[in-house]
Each structure stands twice: as structure tokens, then as C-alpha cells.
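# A look at the structure
Residue strings, one per chain:
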Amino acid sequence: MLSKDSLQFLDDLKANNNRDWFLDNKKRYESYKKDYHLFIASILEQMKSLDQSLEPLEVKNCTFRINRDIRFSKDKQPYKTNIAAWLSTNKNRKNSPGYYIHFEKGSSFIAGGVWCPETDELKKIRQEIAFFYDDLEAIVNNPTFKKEFKEITREENNVLKKAPK
């Protein structure tokens, strides 16, 4: 479990998301980073027992840097204010399927799948969904599934504007 100090660091960072504040709080960041890695290690240990393909993963393969890539972003805040992990089934291959865990005050979620697959992989994924659409529909509409996972949500800014070719 994350310490209160780590969560407080993220709250403070959210209120002061700038380089000067971050440099002044470098020791707090180092403490947060250690706690973050221990937290992800505990999650990874539990996940390995559920999914054997995660066995070769180490914490360093699953964590993210705190710095944001702001080159093409309208939001120029330099630091991430969430805790996240990507547990991929293949640590050496880009775009492998995996589990994404995101902790953020008021906006936590868990997701699974493939992030930005290459064109040929995306076609295969869409083909499989089309082949087993009725099965997928039955699973998602199953009362037990709905009770456990509520509704599947989607972010409107991540939805295709037009159908694929």
C-alpha cells in the first residue's frame, strides 16, 4: 500500500506542477519513487500468479517516468500526478498486450489490451472481434459481468471519428 506521504506528494505536485517546486522537493520525490516501485512490485507479484506470461517482468519494465512528454501537448505541466503501471506480456516487444493500472484521485481505472497496435496487428484484432462479436456481446451484457464491472465506459476523445476501411 502507498504511504500517506507519497499520496500527499502527488497532491502537492498537482498544486505546484513546476520545475522549481519539484527541485525543491527532490528528497520527497525520491521517497515517493521508492514507495511507488514497492507498490508496483506488490501488484506485479500478485499478477504473476494469475498470468504466467508476466513472469519475466521486473518493476523497471512496468513503471513510468514522472516527466510528461509535453512537446505536442496543449497541457504544458511537466510532471505526471498519477501512479501508473503497464504490465505487458512481452517486455521486449513494443505494443504487446497487457494490463494498465492507473491510480489518480477521482480518476483511477484498470484497463487491458494493446496500446497503439501496428496496422497489421490492429486488423487482426478487429477481425477477431468481428468473428466473436456475438460471444463478446453476450459476455458484456451478462448480468454477472455488469454487476461486477458496471458499464464499460469510453472516452469520447479516443473514439474513431469514422469507421475503418
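Up top is the structure these notes are about.
Because the structure is a prediction, the values reported are computed rather than measured. Note on numbering: residues in each chain are counted from 1, in written sequence order. Residue-level local features of this predicted model are given only where pLDDT is at least 70; pairs of side-chain atoms are given and counted only at 80 or more, and the full residue set underlies all totals for whole chains, interfaces and linings. Side-chain measures here rest on the full set of heavy atoms in the structure, leaving out hydrogens and waters.

What describes a pair of aromatic rings is the distance from one ring centre to the other and the angle between the planes of the rings. Here a Phe, Tyr or Trp ring, Trp counted by its six-membered ring, pairs with any other such ring whose centre lies within 6.5 Å, and the pair is stacked when the planes are under 30 degrees apart, edge-to-face when over 60, and tilted otherwise. Counted by the stated rule, this structure contains eleven aromatic pairs. Cluster of aromatic residues (ring-pair linked, three or more members): F9, W21, F22, Y29, Y32, Y36 and Y79.

Basic side-chain nitrogens of Lys or Arg form a salt bridge, by our definition, when they fall within 4 Å of a carboxyl oxygen of Asp or Glu. Scanning the entire structure with this criterion turns up five salt bridges. Note that R68 and D75 form a salt bridge whose closest N and O atoms lie 3.8 Å from each other. The rule is simple: take the accessible area with a 1.4 Å probe, protein chains only, and divide by the maximum for that residue type; under 20% is buried, over 50% is exposed, in between is partly exposed. On the basis of relative accessibility, which here comes to 36%, the residue D75 falls in the partly exposed class. The closest approach of N and O atoms between R71 and D69, which form a salt bridge, is 2.7 Å. For R71, a relative accessible area of 61% translates into the label exposed.

If you look at the biggest cluster of nonpolar residues, it comprises 24 residues, and the most contacted ones within it are F9, Y32, I40, I66 and L87. Helix numbers and strand numbers start at the N terminus; a helix is a DSSP run of H or I with at least 4 residues, a strand a run of E with at least 2. Within the residue set of this core, elements represented by two or more residues are α1 (4-15), α2 (19-24), α3 (26-50), α4 (59-62) and β1 (83-88). Counting residues per element, this core draws most heavily on α3, at eight residues. Not counting chain neighbours up to four residues away, the residues in contact with Y32 comprise S6, F9, L10, I66, N82 and I83. Nonpolar core, defined: a set of buried Ala, Val, Leu, Ile, Met, Phe, Trp, Tyr and Cys residues in which side-chain atoms within 4.5 Å join the residues together. Contacts are assigned to residue pairs that have any heavy atoms within 4.5 Å of one another.

Bridging between β1 and strand β2 (residues 98-103) involves six bridges; their strand directions are antiparallel. Bridging across to β2, A84 finds its partner in H102. Taken together, the five bridges between β2 and strand β3 (residues 109-113) define a ladder with antiparallel strand orientation. Within β3, the residue paired with I101 across the bridge is I110. The turn joining β2 and β3, which pair antiparallel and follow one another in sequence, is formed by five residues; a positive phi near 80° is taken by G106. Note on pairing: two strands pair once DSSP finds at least 2 bridges between them.

Hydrogen bonds along the backbone pair up the strands of a sheet, which may run parallel or antiparallel. Strand order in this open sheet of three strands is β1-β2-β3, and the pairing throughout is antiparallel. The strands lining the two open edges of the sheet, one partner per strand, are β1 and β3. Within the sheet, the average angular offset between the axes of one strand and its neighbour, ignoring direction, is 10°. For helices, the fitted axis covers only the stretch in contact; all axes are lines through C-alpha atoms, and the angles between them, taken along N-to-C directions, range from 0 to 180 degrees. Contacts from α3 reach β1 and β2, with the element oriented near 35° to β1.

This next bit is on the packing of α1 against α3. Taken N-terminus to C-terminus, the directions of α1 and α3 make an angle of 125°; their axes are 9 Å apart at the nearest point. Comparing their axes, α3 and α1 come out oblique. Seen along the crossing, α1 lies across α3 with a hand that is left-handed. Facing D5, S6, Q8, F9, L10 and D12 of α1, the residues of α3 in contact are R28, Y29, S31, Y32 and D35. When describing relative orientation, an angle under 35 degrees is termed roughly parallel and one over 145 degrees roughly antiparallel, while 65 to 115 degrees is termed roughly perpendicular and anything else oblique. Crossing handedness follows the turn of the near helix against the far one: under a right angle anticlockwise gives a left-handed crossing, and clockwise gives a right-handed one.

In short, geometric facts, not functional conclusions.
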